[in-house]
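Structure at a glance
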Amino acid sequence: MQKKRIAIFASGGGSNALKIIQHFQYNSSIDVELVLSNKTTAAVLEKAKNNKIETHCFNKTAFYQTDEVLSLLLEKKIDLIVLAGFLWMIPNNLITIYKQKIVNIHPALLPKYGGKGMYGHHVHEAVKANNERESGITIHYVNDKYDEGQIIFQASCFLDPTDSPVQIAEKVLSLEHQHFATIIEKLLTE
Ligand code: GRF
């Protein structure tokens, strides 16, 4: 069977990216081929390099005004684009060519707590402010609107009224680490 190739986009620390890299390390039919970032200082790049995975950085002009990133993805024969803490909108050229082949993880139970500006601690602060008794993760396909693509998977966790936004974030992040790579594997082997 033809090897499946993953490209991970991340803007930050990359704990999810690292879990995904580790999950497929010894998988002979699925490879993390590339890690891309919009931030040259993102710690995810170090994690990729430590695991001998090619990295590529781009700025707004390259990402939105050229086909530089799309050409690299096609050249590397990428089958699935994984957004793991990537904060920019995906440009239309990628959405079109990689239709239903771009997945994102959101640290809340969409459709609640999604949309522009709803990322990282902003999400958990809003969940806390509304005294939600549960939160969780949503893995979804990416389309041209923030966090509105078809939902693939959700998992939830109970919240204690005394939980701070940081504690909520910790509970949600552990769900991300528990599920994201497995869901990606399912998508690539179905
Ligand atoms: C996670 O909370 C994820 O839900 C969101 O961005 C964060 C990425 O964290 N999309 P990390 O960079 O993988 O540690």
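Coordinates for the structure precede this section.
1. Considering the site of the ligand
The full set of residues close to the ligand is Gly13, Gly14, Ser15, Asn16, Gly85, Ile105, Pro107 and Glu176. Here Ile105 contributes a backbone N or O atom positioned 3.0 Å from a nitrogen atom of the ligand. Protein coverage of the free-state accessible area of the ligand, which is 360 Å², stands at 79%. Here the shell around the ligand is built from residues that sort into 2 nonpolar, 5 polar and 1 charged.

2. With respect to the side chain of Thr138
Summarising the element assignment, Thr138 is placed in strand S6 (residues 134–141). A polar side-chain atom of Thr138 sits 2.6 Å from the main-chain carbonyl oxygen of Ala108. Sequence-distant contacts of Thr138, that is, excluding residues within four places in its chain, are made with Asn104, Ile105, His106, Ala108, Leu109, Leu110, Ile151, Phe153 and Gln154.

3. Let's talk about the nonpolar core
With 40 residues, the main nonpolar core has Ile6, Ile8, Ile20, Val32, Val82, Phe180 and Ile184 as its most contacted residues. Of the residues forming this core, the biggest block, 8 residues, is contributed by helix H7 (residues 165–189). Not counting residues within four places of it along the chain, the set of residues in contact with Ile6 comprises Phe24, Ile30, Asp31, Val32, Glu33, Leu34, Ile78, Leu80, Val82, Ile184 and Leu188. Membership of the second largest hydrophobic core comes to 22 residues, among which are Phe63, Val69, Trp88 and Tyr98.

4. Description of the sheet that holds S6
Spatial strand order, S3-S2-S1-S4-S5-S6-S7: 7 strands in an open sheet with mixed pairing. Of all the strands in the sheet, the pair left with one neighbour each is strand S3 (54–57) and strand S7 (151–158). Put simply, the sheet's adjacent strands are angled 20 degrees from each other on average, direction ignored. Direction of pairing for strand S1 (residues 4–9) relative to strand S4 (residues 80–83): parallel, over a ladder of 4 bridges. Residue Ile8 lies in a different strand from S4, and its bridge partner there is Val82. In the packing of helix H4 (residues 68–75) onto the sheet, contacts are made with S1, strand S2 (30–37), S3 and S4, and the angle to S2 comes to roughly 165 degrees.

5. Notes on the packing of aromatic side chains
This model, assessed by the stated rule, comprises 11 aromatic pairs. Both rings, one in Tyr64 and one in Trp88, keep their centres 6.0 Å apart while their planes meet at 35 degrees; by these two values the pair is tilted. Highlighted residues: Tyr64 in helix H3 (residues 60–65) and Trp88 in the loop between S4 and helix H5 (92–97), separated in sequence by 24 residues. In this structure Trp88 comes out as buried when scored by relative accessible area, which is 17%. Chaining the aromatic ring pairs together yields one cluster made of Phe9, Phe58, Phe63, Tyr64, Phe86 and Trp88.

Criteria and cut-off values
- Residues numbered from 1 in each chain as written.
- Predicted model: local features only at pLDDT ≥ 70, side-chain atom pairs only at ≥ 80, totals over all residues.
- Heavy atoms only, no water.
- Near = heavy atom within 4 Å.
- Polar contact = N/O pair within 3.5 Å; in protein donor to acceptor, adjacent residues only side chain to side chain.
- Areas by Shrake-Rupley, 256 points an atom, 1.4 Å probe, with all protein chains shown as cover.
- Nonpolar A, V, L, I, M, F, W, Y, C, P; charged D, E, K, R; others polar.
- Helix = DSSP H or I, 4+ residues; strand = E, 2+ residues; numbered from the N terminus.
- Contact = heavy atoms within 4.5 Å.
- Core = buried A, V, L, I, M, F, W, Y, C linked by side-chain atoms within 4.5 Å.
- Buried < 20%, exposed > 50% of the residue type's maximum accessible area, 1.4 Å probe, protein only.
- Pairing = 2+ DSSP bridges.
- Axes fitted to C-alpha atoms, helices over the stretch in contact; angles between N-to-C directions.
- Phe/Tyr/Trp six-rings, centres within 6.5 Å; stacked < 30°, edge-to-face > 60°.

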